[in-house]
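Chains, contacts and geometry: an overview
Each chain, letter by letter, is given below.
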Amino acid sequence: MLTGVSAVSEKSSVDMDWDSLTFSFTKTDRMYVARCNEGEEWEKGLMQDFENLSLSPASGVINYGQGLFEGMKAQYAEDGKVVLFRPAENARRSREGARRLGMPPIPEEMFLDAIKQTVKENIRWVPPIGKGALYIRPLLFGSGAILGVAPAPEFTFLVYVSPVGPYFKGGIKPTSLRVSDEFHRAAPGGSGGVKAIGNYAPGMVPSKMAKKDGFSEIIYLDAVNHKYVEEVGAANFFCVKNEIISTPELTGTILAGVTRSSVIELAKSRGYEVREEKIDISYAMDADECFCVGTAAVVSAIGTIEHGEKVVEFCGGRVGPITMEMYELLTSIQQRKIADEFGWTVEV
Ligand SMILES: *Cc1c(COP(=O)(O)O)cnc(C)c1O
């Protein structure tokens, strides 16, 4: 079924059924690519057609995982503009990650320019308001050939996009999670705090096992004490007890989500007490509400948590009031349905 294609010219239309978008890859028109030789400045990036890459089999990223990614969204706002959400935060995080992984950081201006150009040249792939978003995937990786374990001699910065559906099909449905006692996501001193590509493959099997048993995702505990909540798959965790909102403190093993910091600010601005602290899993399981947040997940209610023999349900399986408030606040700002008092949205 084709929708929304009749009134526009053939070139600007896409054959998409916007109502059945999911969070999956759709090939789009154009991508941005820039390169940098070790010890030199980034060359000016160029837009080109979306196509496969040509890489040396000895490239650093394939052999040793020298790479990081970012995740952002562009979407239509109420005023008809296509807007980004706090893109400078992603630019900053990518620079910190690049330093940790021995890669040349992308200057902020270059990063933002690359994002905007890529969105503009794929503008026909931005879903109509309320139907989803254009997910933006910046990548930075060691593209040069290297045999010994060391930074690659050449790096590539690439940006591609794909339309994705809203995480909440037909409302904001609470998910069921399982606490992993067997696997950890990150250890102190490691790379858990940056969006290093190598952090994600080890989570695939645990996540698949949980999904096979009917869970949506895994809750990871800290690798030292095995009792403090770290993250939910690739989203940050929050819980609410007696109207006090808590989220795990950033210790280097937790990814500092842009959504996480936005929800903290929003909650404080609405008068809530927000604590960044160690959250014992038993405290979380005794909470009134739990939710997780991220660019992809937005604000996602947690319906149940299983830990060993114990299973708890929050809010009778419904979305808790503070979870709903945070979801509404965040999405209203992202779509400019209410005043963007923080100046978080940026037009492309
Ligand atoms: C990307 C990511 C998040 C969420 O970060 P946002 O900036 O809010 O999208 C949380 N945890 C992990 C492990 C991530 O990779």
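Predicted, not measured: the structure shown is a model, and the values here were computed from it. (Residues numbered from 1 in each chain as written. Predicted model: local features only at pLDDT ≥ 70, side-chain atom pairs only at ≥ 80, totals over all residues. Heavy atoms only, no water.)

1. Examining the overall build of the protein
- Assigned secondary structure in the protein consists of seven helices and 17 strands.
- Once the C-alpha set of the protein is aligned to its principal axes, its extents read approximately 55 × 50 × 40 Å.
- A buried classification covers 50% of the 348 residues belonging to the protein.
- Intrachain contacts of the protein at a sequence separation of at least 6 include 71% that bridge at least 24 residues. (Helix = DSSP H or I, 4+ residues; strand = E, 2+ residues; numbered from the N terminus. Buried < 20%, exposed > 50% of the residue type's maximum accessible area, 1.4 Å probe, protein only. Contact = heavy atoms within 4.5 Å.)

2. Some thoughts on the environment of Arg260
- When you line up the elements, Arg260 lands in helix H5 (residues 258-269).
- Residue classification places Arg260 among the buried residues on the basis of a relative accessible area of 4%.
- C-alpha of Arg260 to C-alpha of Leu221: the two residues are 39 residues apart in sequence and 18 Å apart in space.
- Apart from residues lying up to four places away in sequence, Arg260 is in contact with Asn236, Phe238, Thr247, Pro248, Glu249, Leu250, Glu276 and Val293.

3. Structural notes on the side chain of Gln334
- When you line up the elements, Gln334 lands in helix H7 (residues 321-334).
- Beyond its immediate stretch of four places on either side in the chain, Gln334 contacts Gln75, Val83, Phe85, Val298 and Thr345.

4. Thoughts on the environment of Met326
- Along the chain, Met326 falls in helix H7.
- Accessibility expressed as a relative area gives 0% for Met326, which makes it buried.
- In the structure, Met326 is positioned 249 residues away from Ala77 in sequence and 18 Å away in space, judged by C-alpha atoms.
- Those residues within four positions of Met326 in sequence are excluded, and the remaining contacts are Val263, Ala267, Tyr272, Phe291 and Val299.

5. What to know about the domain arrangement of the protein
- Along its sequence, the protein is carved into domain 1 (17-164) and domain 2 (175-334).
- Measuring from the centre of the C-alpha atoms in domain 1 to the corresponding centre in domain 2 gives 26 Å.
- Carbon and sulfur atoms supply 64% of the area that domain 1 and domain 2 bury against each other, a total of about 1700 Å² over both sides.
- Summed over the three residues of domain 1 that lose the most area to domain 2, namely Phe69, Phe85 and Arg93, the buried surface amounts to 38% of that side.
- At the surface where domain 1 touches domain 2, the tally comes to one salt bridge.
- Across the pair Glu265 and Arg86 runs a salt bridge whose closest N-O atoms are separated by 3.6 Å.
- At the junction of domain 1 with domain 2, the criterion picks out eight residue pairs in polar contact (both at pLDDT 80 or more).
- Every element with two or more residues in the side of domain 1 that touches domain 2 is listed here: strand S3 (67-69), strand S4 (72-76), strand S5 (82-85) and helix H2 (87-100).
- Broken down by element, the residue count for the side of domain 1 that touches domain 2 peaks at five residues, all from H2.
- When the residues that make up the side of domain 1 that touches domain 2 are grouped by side-chain class, the tally is nine nonpolar, six polar and six charged. (Domains from an automatic or database assignment. Buried area = accessible area lost by both parts, 1.4 Å probe. Salt bridge = Lys/Arg side-chain N within 4 Å of Asp/Glu carboxyl O. Polar contact = N/O pair within 3.5 Å; in protein donor to acceptor, adjacent residues only side chain to side chain. Nonpolar A, V, L, I, M, F, W, Y, C, P; charged D, E, K, R; others polar.)

6. What to know about the pairing of strand S14 (residues 289-294)
- By the criterion of burial, S14 is predominantly enclosed, with six of the six residues buried.
- By the alternation rule, side chains of S14 split into Glu289, Phe291 and Val293 and Cys290, Cys292 and Gly294, which are all buried.
- Alignment of strand S11 (residues 235-241) against S14, held across five bridges, turns out to be antiparallel. The residue bridging Phe237 from the neighbouring strand is Cys292, located in S14.
- Relative to strand S15 (residues 298-307), S14 is paired through four bridges, and the arrangement is antiparallel. Its bridge partner lying in S15, Cys292 is registered against Ser300.
- Adjacent in sequence and paired antiparallel, S14 and S15 are bridged by three residues. (Pairing = 2+ DSSP bridges.)

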